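An overview of the molecular structure
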Amino acid sequence: MTLTALGTPSGEAGTGRPPAVEVSGLVKTFGDVEAVRGIDLSVRAGELFGFLGPNGAGKSTTIQILCTLLRPTAGAARVAGFDVVRDRTEVRRHIGLVFQETTLDAHLTAEQNLRFHADIYGMPKAEVGPRIDAVLEMVGLTDRRRSLVRTFSGGMKRRLEIARGLLHSPRVLFLDEPTIGLDPESRAGLWGYVDRLRAEEDITVFLTTHYMDEAERCDRIAIVDSGRIGALDTPSALKASVGADRVRVRTADDDAAEALVRERLGVETAREDGVLVVLAPDGERFVPRLFELGLTVRSVSVSRPTLDDVFLAYTGARMSERQAAAGGPARSPVAGPAGGRR
Amino acid sequence: MTATTAPVRLGGRGLRHELRAVRVVWHRDLLRFRTDRGRILSSFAQPLLFLFVLGQGLGATLPVGTFGDAGYSTFLFPGVLATSVMFTAVFSAISIVWDRELGFLREMLVAPVGRTSIVLGKALGGATVATLQSVVLLALAGLVGVPYDPVMMLATVGLLFVVAFAITALGLVIAVRVDQIQTVMPRVQLLLAPLMFLSGAFFPVSGQLPGWLHALALANPITYGVDAVRRVVLSRVDPSIGDSVALHWGSWPVPVWLDVVLVAGVGGVLLAVAAWMFSRPE
Ligand SMILES: Nc1ncnc2c1ncn2[C@@H]1O[C@H](COP(=O)(O)OP(=O)(O)OP(=O)(O)O)[C@@H](O)[C@H]1O
Ligand SMILES: [Mg+2]
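Residues numbered from 1 in each chain as written. Chains lettered and ligands numbered in written order. Predicted model: local features only at pLDDT ≥ 70, side-chain atom pairs only at ≥ 80, totals over all residues. Heavy atoms only, no water.

Side note on the overall build of chain B
The secondary structure content of chain B amounts to twelve helices and two strands. Taken from N to C terminus, the helices and strands of chain B fall in the order α-α-α-α-α-α-α-α-α-α-α-β-β-α. Each principal axis of the C-alpha distribution contributes one length, and for chain B these read about 95 × 35 × 35 Å. Going through the 282 residues of chain B one by one, you find that 51% of them count as buried. With an accessible surface of roughly 12,400 Å², chain B has 69% of that area assigned to carbon and sulfur atoms. (Helix = DSSP H or I, 4+ residues; strand = E, 2+ residues; numbered from the N terminus. Buried < 20%, exposed > 50% of the residue type's maximum accessible area, 1.4 Å probe, protein only. Areas by Shrake-Rupley, 256 points an atom, 1.4 Å probe, with all protein chains shown as cover.)

What about the overall build of chain A?
A count of helical and extended segments in chain A gives 13 helices and 14 strands. For chain A, buried positions account for 52% of its 342 residues. Long-range contacts, defined here as pairs at least 24 residues apart, represent 69% of the contacts in chain A between residues at least 6 apart. Entry remark: accessible area of chain A is about 14,500 Å², with carbon and sulfur atoms responsible for 50%. (Contact = heavy atoms within 4.5 Å.)

Considerations on the packing of helix α1 (residues 14-35) of chain B against helix α7 (residues 115-138) of chain B
Residues and elements named next belong to chain B. Where α1 meets α7, the axes come as close as 8 Å, and the angle between the chain directions of the two elements is 35 degrees. Of the two possible hands of crossing, α1 and α7 adopt the one that is right-handed. Taking contact as the criterion, the partners of Glu18, Ala21, Val22, Val25, Trp26, Arg28, Asp29, Leu30 and Phe33 in α1 are, on α7, Ser117, Ile118, Leu120, Gly121, Lys122, Leu124, Gly125, Gly126, Thr128, Val129, Leu132 and Gln133. Looking at the contact of α1 with α7 residue by residue, the class counts come to eleven nonpolar, six polar and four charged. (Axes fitted to C-alpha atoms, helices over the stretch in contact; angles between N-to-C directions. Left-handed = near helix turned anticlockwise from the far one by under 90°. Nonpolar A, V, L, I, M, F, W, Y, C, P; charged D, E, K, R; others polar.)

Here we look at the sheet that holds strand β4 (residues 74-79) of chain A
All names here are of chain A. Here four strands make up an open sheet; going across it, the order is β2-β1-β4-β5 and the pairing antiparallel. Of all the strands in the sheet, just β2 (33-43) and β5 (82-83) have a single pairing partner and so form its edges. This element, helix α1 (residues 59-66), spans β1 (21-30), β2 and β4 of the sheet and lies at about 115 degrees to β1. (Pairing = 2+ DSSP bridges.)

Overview of the UniProt feature "transmembrane region" (unreviewed entry) in chain B
Residues annotated in UniProt with the feature "transmembrane region" (unreviewed entry) correspond here to residues 40-63, 75-98, 119-145, 151-176, 188-206 and 256-278 of chain B. Counted over residues 188-206 of chain B, helix gives 53% and strand 0%. Its end C-alpha atoms are 27 Å apart. (UniProt positions renumbered as here; feature names shortened; annotations may be inferred.)

Section: the UniProt feature "domain: ABC transporter" (unreviewed entry) in chain A
Feature annotation in UniProt assigns "domain: ABC transporter" (unreviewed entry) to the following positions: residues 21-251 of chain A. End C-alpha atoms of residues 21-251 of chain A are separated by 52 Å, and the span's content is 36% helix alongside 29% strand.

Focus: the packing of helix α11 (residues 221-237) of chain B against helix α12 (residues 256-279) of chain B
Residues and elements named next belong to chain B. Where α11 meets α12, the axes come as close as 8 Å, and the angle between the chain directions of the two elements is 140 degrees. Crossing of α11 against α12: the hand is left-handed. Between α11 and α12, the residues in contact are Pro221, Tyr224, Gly225, Asp227, Ala228 and Arg231 and Val256, Asp259, Leu262, Val263 and Val266, respectively. Residues that form the contact of α11 with α12 fall into these classes: seven nonpolar, one polar and three charged.

Let's talk about the site of ligand 1
Residue and element names in this part refer to chain A. As a structural note, the neighbourhood of ligand 1 is formed by 16 residues, with Gly56, Lys59, Ser60, Thr61 and Gln100 the closest of them. In the environment of ligand 1, an oxygen atom lies 2.7 Å from a nitrogen or oxygen atom belonging to the side chain of Lys59. Gln100 places a polar side-chain atom, nitrogen or oxygen, 2.8 Å from an oxygen atom of ligand 1. Alone, ligand 1 offers 640 Å² of accessible surface; in the complex the protein occludes 66% of this. Contributing elements (two or more residues each) for the shell around ligand 1: β2 and α1. In terms of residues, the shell around ligand 1 owes the most to one element, α1, which gives three residues. The class makeup of the residues in the shell around ligand 1 is five nonpolar, seven polar and four charged. (Near = heavy atom within 4 Å. Polar contact = N/O pair within 3.5 Å; in protein donor to acceptor, adjacent residues only side chain to side chain.)

Here we look at the coordination of the magnesium ion (ligand 2)
Residue and element names in this part refer to chain A. Surrounding the magnesium ion (ligand 2) are the protein donor atoms Ser60 (OG) and Gln100 (OE1), which sit 1.9 to 2.1 Å from the metal. With Ser60 in helix α1 and Gln100 in the loop between β6 (95-98) and α3 (110-120), the pair connects residues that are 40 residues apart, well separated along the chain. For Gln100, a relative accessible area of 30% gives the class partly exposed. (Donors = N, O, S within 2.8 Å, 3.2 Å for Na, K, Ca; no water.)

Focus on the pairing of strand β11 (residues 245-251) of chain A
Residue and element names in this part refer to chain A. Residues of β11 alternate between two faces, with Asp245, Val247, Val249 and Thr251 buried on one and Arg246, Arg248 and Arg250 left unburied on the opposite face. In the sheet, β11 pairs with strand β13 (residues 275-280) via five bridges, with the strands oriented antiparallel. The partner of Val247 across the bridge, within β13, is Val278. Bridge count for β11 against strand β14 (residues 297-303) is six bridges, and the pairing is antiparallel. Along β14, the bridge assignment pairs Arg248 with Ser301.

So, the pattern of salt bridges
The full count for this structure, using the stated rule, is 32 salt bridges over all chains. For Arg93 of chain A, the salt bridge goes to Glu90 of chain A, with nearest N and O atoms at 3.1 Å. Of the two residues, Arg93 of chain A and Glu90 of chain A both sit in helix α2 (residues 88-94), three residues apart, roughly one turn of that helix. Accessibility expressed as a relative area gives 8% for Arg93 of chain A, which makes it buried. Judged by its relative accessible area of 16%, Glu90 of chain A is buried. With its nearest N and O atoms 2.6 Å apart, the salt bridge here joins Asp149 of chain B to Arg236 of chain B. Residue Asp149 of chain B is found in the loop between α7 and α8 (150-175), and its partner Arg236 of chain B is found in helix α11; the two are separated by 87 residues along the sequence. Residues participating in the shared-partner salt-bridge network are Asp105 of chain A together with Arg28, Asp29, Arg32, Asp99 and Lys122 of chain B. (Salt bridge = Lys/Arg side-chain N within 4 Å of Asp/Glu carboxyl O.)

What follows is the structure in structure tokens.
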């Protein structure tokens, strides 16, 4: 598979500026577990970059290397222009993190956690107070600022953690499944703030998520599986790469319509539960041509491949397995690719 | 389209920033100490048992005048202060393993500060918390015949801080690379008990001890801490007591300043070792 968009910046943001994240030949092994098996990627400054993959794909491991917590076994990486092995402190000054697992001190209050962060990041003292007010406001925890974190619900802890990751105005923000356990309102709140930050402070965001709608927001997406990148491109290009749009048509005479469409328009067709489905690269533009054929169309609907289909095509697993897991045995395919090789 | 980059100010660098990091790590330990009432109360049980049960029980069997004007409880008091400080300090130090297990350590590890600053902050935090607790014990001085003399009390607190610092540093050496609390607990117990019993907290070291025991006690840095605290306290109880309770190298009484230098020196070396271990890549 190809790294489609590597090294081909599609214009606007980032021209001339060094990449926010640059990774080449990254490998990380734990004993005989190969968590990362050679990753190359480049994230442009200002980009919202999605890092998607099934459980155990190596996403968190990659992030831990990028944030200087782990040493790569091989390969190199630069963040904000600094080498993650040689210039660790400089890298750390430029990044913000929300880890997959909680890193709050439950025995301190929300505000004490934030003050600790402000101090250890050396924020200018005059900015600390107002900035704490702002991030608490953003995540809706202003009235709980003096409560001990251990009295918080899971979602509230997550929100506080996000607030803390943003507190020191990082240049590159790593969000490892940031919205896990958040209700829709809090998720919307977070994304509103991230969008604003990106507009105002030109921040780069490196995101992992198992939510399709969040992946959809990304400028570009890398799909990782078993420590390798299977695909890397914009969401729409990725969707186009896995198949054509599906135009479902009901006509007065489906058999006649199918023959006509095949003959005159030269496209593939199929039947799904008896309904005629036309496979077209650009479904919405294709619809008028159906009418031009003079068919008696009763109804028509167009659906495109989703990122979930992309995910399935490249990893053999469903992306939304976490949401589905509650309902049924949808987790099972996940174990496949990662578990098989050990 | 021009990229509008708001002037984002990055955090500081250099020594001032590192000192601020030391301070905030230290401050966190104090904040947690304040909210941790249970730990504070339960930590007094052991010293009180030593002081009153061992002190009265064993003291009743010793001839009067063994320690000058001071009774056995009085002799024991400085030793109990020092050992209680040892326990609090070491448990403070191994809280870094909890931090690792519960995740908070990552918050410190990805911060733009040196590992040495984190370790130093932890050592000062543990030492401060332990010293604060000993102040409460010190308030019991009157019950064992030690006068409330402010100068002596201040000197004692200062000495206890040095002992606590060294012990916290030792705890950090043990704990800094460990990621599970169940791994570190047995190691700590294995180490603390001999350090305590060989420190001269419960009996005089320079006197009638068998040679091997005497040698072990002299090799234990805590012995010098206990000696310093005891000399300061007992000299106020019985000014004529002189060097009779002092630790001796051969026939030479070890001066208090040398006690302090030795304990602080060991603490410094241990801290450097802990910082070095902590800085090695994972
Ligand atoms: N400290 C470690 N020691 C040993 N193996 C590890 C360690 N950390 C991660 N691994 C292994 O590396 C692989 C990748 O793990 P990683 O946490 O990076 O996955 P992930 O893509 O973040 O998955 P998830 O979606 O579940 O968060 C897994 O097989 C995991 O078991
Ligand atoms: Mg992960």
